[in-house]
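Residues per chain are reported as follows:
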Amino acid sequence: MTDSIDYGNLMHRAMRGLIQTVLTDVSRNGLPGAHHFFITFDTQNPEVQIADWLHARYPEEMTIVIQNWFENLEVTDKGFSITLNFGNSPEPLYIPFDAVQTFVDPSVEFGLRFETQDSDEDEEEDEDDDGPDDTPPEPEKPRGEAEVVSLDKWRKP
């Protein structure tokens, strides 16, 4: 038995449940009105399933846009799968809810951001000393209808 209530984890679970509910409704009924979503997720999460070329282009995180063209949106308790168009090339993706970092619907100025607590950050820096110090190049903007975007304009300072 614990000495305190873990409100942080309870809130994260509730917010991920909200995303699940919204995406389930969209999978059944389509996007209503002007609603659309920017979803940023951690591509390093072991359960994320994306094409190798997307993972190479976005080795840490990726933002997808669910707006004009998407297919096969299926939502489970653990995550969602969707097919998006990258430069006229449909690509299936699987994103577990645990990998989601931000969920934004700019049409109604709604957004969620999941904070992570990296208590092992110092240890990870020590492990990186053995590898090269080269910073990965800035990801190229994908061609076509799917677009990776910056969420900075919706973030509060």
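Please read these numbers as outputs of a predicted model, since none were measured by experiment.

**Structural notes on the packing of aromatic side chains**
Consideration 1: Under the criterion given, the structure shown has 3 aromatic pairs.
Consideration 2: Taking 6.0 Å as the distance between ring centres and 85 degrees as the angle between the ring planes, the aromatic pair formed by W53 and F86 counts as edge-to-face. Highlighted residues: W53 in helix 2 (residues 52-57) and F86 in the loop between strand 4 (79-85) and strand 5 (90-96), separated in sequence by 33 residues.
Consideration 3: Of the residues examined, F86 reaches a relative accessible area of 4% and is grouped as buried.
Consideration 4: Taking the centre distance of 6.1 Å and the plane angle of 40 degrees together, the rings of F80 and F97 count as tilted. One end of the pair, F80, is in strand 4; the other, F97, is in the loop between strand 5 and strand 6 (100-105), and 17 residues separate them in sequence. You'll find F80 and F97 in the same group, each marked buried.
Consideration 5: Here the guanidinium or amino end of R16 rests over the ring plane of F114, the centre of that ring lying 4.1 Å away.

**Notes on the sheet that holds strand 3 (residues 70-75)**
Consideration 1: Strand order in the open sheet formed by 3 strands is 3-4-5, and the pairing between neighbours is antiparallel. Pairing within the sheet leaves two strands with one partner each, and these edge strands are strand 3 and strand 5. When the angles between neighbouring strand axes are averaged without regard to direction, this sheet yields 10 degrees.
Consideration 2: As judged from the 7 bridges shared by strand 4 and strand 5, these two strands associate in the antiparallel manner. Paired with S81 across the bridge in strand 5 is Y94.

**Considering unusual backbone geometry**
Consideration 1: Of note in this structure, N72 is not a glycine but carries a positive phi near 55 degrees.
Consideration 2: Inspection of the secondary structure puts N72 in strand 3.
Consideration 3: In the Ramachandran plot, E109 falls in the positive-phi region, its phi being about 50 degrees despite a non-glycine side chain.
Consideration 4: With respect to the element layout, E109 can be found in the loop between strand 6 and strand 7 (110-113).
Consideration 5: Looking at E109, the relative accessible area reads 73%, which means it is exposed.

**Remarks on helix 1 (residues 7-29)**
Consideration 1: For helix 1, spanning 23 residues, the distance from its first C-alpha to its last is 33 Å, which sits close to the expected 33 Å at 1.5 Å a residue.
Consideration 2: Among all positions of helix 1, only M15, R16, I19, Q20, L23, T24 and V26 are buried.
Consideration 3: Check the buried side of helix 1 and you find it contacts strand 1 (37-42), strand 2 (61-66), strand 3, strand 4, strand 6 and strand 7.
Consideration 4: Phi turns positive one or two residues past the end of helix 1, at G30, with a value near 80 degrees.

**Considering the nonpolar core**
Consideration 1: One finds I19, I39, F41, L54, I64 and F80 to be the most contacted residues of the largest nonpolar core, which totals 28 residues.
Consideration 2: For this core, the secondary-structure elements that each account for two or more residues are helix 1, strand 1, strand 2, strand 4, strand 5 and strand 6.
Consideration 3: Those residues in contact with I19, other than ones at most four positions away along the chain, are F97, V100, F103, L112 and F114.

**A short note on the side chain of N45**
Consideration 1: Following the sequence through the fold, N45 ends up in the loop between strand 1 and helix 2.
Consideration 2: At a separation of 2.8 Å, a polar atom in the side chain of N45 contacts the main-chain amide nitrogen of E47.
Consideration 3: N45 has contacts with P96, D98 and A99, leaving out every residue within four places of it along the chain.

About the thresholds
Residues numbered from 1 in each chain as written. Predicted model: local features only at pLDDT ≥ 70, side-chain atom pairs only at ≥ 80, totals over all residues. Heavy atoms only, no water. Phe/Tyr/Trp six-rings, centres within 6.5 Å; stacked < 30°, edge-to-face > 60°. Helix = DSSP H or I, 4+ residues; strand = E, 2+ residues; numbered from the N terminus. Buried < 20%, exposed > 50% of the residue type's maximum accessible area, 1.4 Å probe, protein only. Lys NZ or Arg CZ within 6 Å of the ring centre and 35° of its normal. Pairing = 2+ DSSP bridges. Axes fitted to C-alpha atoms, helices over the stretch in contact; angles between N-to-C directions. Expected span 1.5 Å × (residues − 1). Contact = heavy atoms within 4.5 Å. Core = buried A, V, L, I, M, F, W, Y, C linked by side-chain atoms within 4.5 Å. Polar contact = N/O pair within 3.5 Å; in protein donor to acceptor, adjacent residues only side chain to side chain.

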